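A structural walkthrough
What follows is the residue order along each chain.
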Amino acid sequence: MGLPSKGRMAEDTMLLLKESALSVYKPNPRQYVASIPQIPALEVWFQRASDVVRKLRYGDIDLGIVGTDMFAELADGDPDLIVCHEALNFGQCKLALGIPMTGKFADIETLDQLRAMPNWSADSPLRVVTGYHNIATNFFRKNGFKHVIMMGADGALEAAPAMGSADIILDLVSTGVTLRENNLKEVRGGTVMESQGILVANRRSLLDRPGLLMVVHELIERFDAHLKAEQYYSVIVNMRGSSAEEVAACLLQAPGLQGLQGPTISPVYNVASSGSNGVQEHFYAATICVRKKQLYSSVKALQKLGGSGVLVLPMTYIFDEEPQRWHDLLARLGLDEKDVM
């Protein structure tokens with residue numbers, strides 16, 4: 001499996017693997033070959049992101065984690081490359097156009113206006129500086145631009161329009177701060193694609209290399225379990241009620257308190273309480289999963305329903321039945337689950 005060797009993408013990839021209980025063992029930081037002890041059959045190669053895609057195409061590696069942007073640029077629709085997981089939830093950014101705020105572009109706010117400018121001709125084409133020539137060429141062709149030339153740049157792309165060496169840029173944008181600091185702006189319709197980390201594979205390797213599909217199954221399952229758990233807290237609350245069924249019905253009717261498949265209800269035991277077997281009458285503990293974004297509103301809703309002693313716990317993994325991405329991968333490979341499990 002090829003992993004990016006430098007930059008934020010490399011750091012985020014290593015963090016995802018660690019949080020998925022797949023820490024990479026690399027005894028020497030200068031080594032380019034490492035291992036994942038939990039998957040002994042898998043060897044890790046640290047490469048430049050561009051080389052991860054190239055080596056996948058050549059068949060030198062079987063799997064890789066890269067950004068959507070790099071994959072789209074260098075895979076160029078290669079049918080031998082297949083995306084196994086399209087949303088690893090790191091490295092989020094977008095590939096977008098940046099045009100000057102002033103001069104002849106001052107009033108340009110949309111992609112249509114940019115295309116309609118009378119400045120572009122065969123002798124004076126729109127000069128676009130970018131590191132994504134394949135993506136850019138396809139984008140401008142699909143959007144009806146007739147006179148465009150792609151240009152490369154060794155340094156910062158943002159400086160090219162101010163230096164007069166290009167008209168506009170096409171590059172990765174996260175917050176837009178770098179564009180504004182260089183007197184550039186985005187235009188409506190100028191977002192070429194959204195990008196984040198993805199898991200990709202060589203189709204021939206998946207079909208021909210023994211055991212590889214099961215490695216991919218484990219990666220998908222671990223990633224999905226962790227990424228799903230990242231969205232939730234486990235909430236335990238003491239609820240008043242005459243029965244477990246009454247408490248469950250109360251929670252099921254309240255928006256946001258149903259959990260994943262419904263609450264788990266159990267009696268509260270207290271040695272100081274009256275009643276048989278030490279069961280505290282009319283008190284039940286309810287456990288539910290609550291989305292992180294809805295935590296405070298959910299806690300207030302629980303309190304309104306008579307809940308007390310609310311405990312909020314982080315979640316590490318949520319393993320479901322077979323991940324849908326696994327079924328989708330098998331379908332794209334023309335395989336049935338019984339053929340590989």
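Quantities reported herein were computed from a predicted structural model and do not represent experimental measurements.

1. Re the overall build of the protein chain
- A tally of helices and strands in the protein chain yields 12 helices and 16 strands.
- Its C-alpha atoms give the protein chain principal-axis dimensions of roughly 95 × 55 × 40 Å.
- The proportion of buried residues among the 341 residues of the protein chain is 43%.
- Across the protein chain, the mean location of the 33 positive side-chain charges is 5 Å away from that of the 39 negative side-chain charges.

2. Brief notes about the packing of aromatic side chains
- According to the stated counting rule, one finds 4 aromatic pairs in the structure shown.
- Judged by centre distance (6.1 Å) and plane angle (25°), the ring pair of Phe105 and Trp120 falls under stacked. Residue Phe105 is found in the loop between β6 (93-100) and α4 (111-116), and its partner Trp120 is found in the loop between α4 and β7 (126-130); the two are separated by 15 residues along the sequence.
- Arranged with centres 5.8 Å apart and planes meeting at 35°, the rings of Tyr317 and Phe319 form a pair that is tilted.
- For Tyr317, a relative accessible area of 29% gives the class partly exposed.
- Three or more aromatic residues joined by ring pairs make a cluster, and in this case those are Phe139, Phe140 and Phe145.
- A cation over an aromatic ring shows up here: Lys26 above the ring of Phe46, its NZ or CZ 4.1 Å from the ring centre.
- Above the face of the Tyr233 ring, Lys292 is positioned so that its terminal group lies 5.3 Å from the ring centre.

3. Section: the nonpolar core
- Counting residues in hydrophobic clusters, the biggest one holds 34 residues, and the most contacted among them are Leu63, Cys84, Leu206, Leu219, Phe223 and Leu329.
- Residue assignment for this core shows that the elements contributing at least two residues are α1 (7-19), β3 (43-47), β4 (63-67), β5 (81-85), β12 (197-202), α9 (212-229) and α12 (324-333).
- Sorting elements by how many residues they give to this core places α9 first, with 8 residues.
- Among residues more than four places away in sequence, those in contact with Phe223 are Leu16, Leu17, Ser20, Leu22, Ile65, His85, Leu88 and Leu199.

4. As for the state of the cysteines
- Applying the stated criterion to the full structure yields 0 disulfides.
- Residue Cys250 stays outside any disulfide, its sulfur separated by 18 Å from that of Cys289, the closest cysteine.
- On the basis of relative accessibility, which here comes to 28%, the residue Cys250 falls in the partly exposed class.

5. Details of the environment of Ala10
- By the element assignment, Ala10 lies in helix α1.
- For the pair Ala10 and Phe46, spaced 36 residues apart in sequence, the C-alpha to C-alpha distance is 8.9 Å.
- Those residues in contact with Ala10 that sit more than four places away from it in its chain are Pro4 and Ser5.

6. A word on unusual backbone geometry
- The phi torsion at Asp76 lies on the positive side, around 50°, for a residue other than glycine.
- Following the sequence through the fold, Asp76 ends up in the loop between α3 (68-75) and β5.
- Given a relative accessible area of 47%, Asp76 falls into the partly exposed group.
- The backbone of Asn183 shows a phi angle near 60°, a positive value even though the residue is not glycine.
- Take Asn183: it is sitting in the loop between α7 (177-181) and β10 (184-185).

7. A few points about α1
- Relative to the 18 Å expected for 13 residues at 1.5 Å per residue, α1 spans 19 Å between its end C-alpha atoms, a close match to the ideal helical length.
- Of all the positions in α1, only Ala10, Asp12, Thr13, Leu16 and Leu17 are classed as buried.
- On its buried face, α1 is in contact with β1 (2-4), β4 and α9.
- Backbone geometry just downstream of α1 places Ala21 in the positive-phi region, at approximately 60°.

8. Remarks on the packing of α3 against helix α5 (residues 133-142)
- In contact at an axis separation of 7 Å, α3 and α5 are set at 80° when each is read in the N-to-C sense. The angle between α3 and α5 places the two elements in the roughly perpendicular class. Mapping the contact onto sequence places Asp69, Ala72 and Glu73 in α3 and His133, Asn134 and Ile135 in α5.
- Its residues assigned to classes, the contact of α3 with α5 comprises 2 nonpolar, 2 polar and 2 charged.

Parameters and conventions
- Residues numbered from 1 in each chain as written.
- Predicted model: local features only at pLDDT ≥ 70, side-chain atom pairs only at ≥ 80, totals over all residues.
- Heavy atoms only, no water.
- Helix = DSSP H or I, 4+ residues; strand = E, 2+ residues; numbered from the N terminus.
- Buried < 20%, exposed > 50% of the residue type's maximum accessible area, 1.4 Å probe, protein only.
- Lys, Arg positive; Asp, Glu negative; His and termini not counted.
- Charge placed at Lys NZ, Arg CZ, Asp CG, Glu CD.
- Phe/Tyr/Trp six-rings, centres within 6.5 Å; stacked < 30°, edge-to-face > 60°.
- Lys NZ or Arg CZ within 6 Å of the ring centre and 35° of its normal.
- Core = buried A, V, L, I, M, F, W, Y, C linked by side-chain atoms within 4.5 Å.
- Contact = heavy atoms within 4.5 Å.
- Disulfide = S-S within 2.5 Å.
- Expected span 1.5 Å × (residues − 1).
- Axes fitted to C-alpha atoms, helices over the stretch in contact; angles between N-to-C directions.
- Parallel < 35°, antiparallel > 145°, perpendicular 65-115°, else oblique.
- Nonpolar A, V, L, I, M, F, W, Y, C, P; charged D, E, K, R; others polar.

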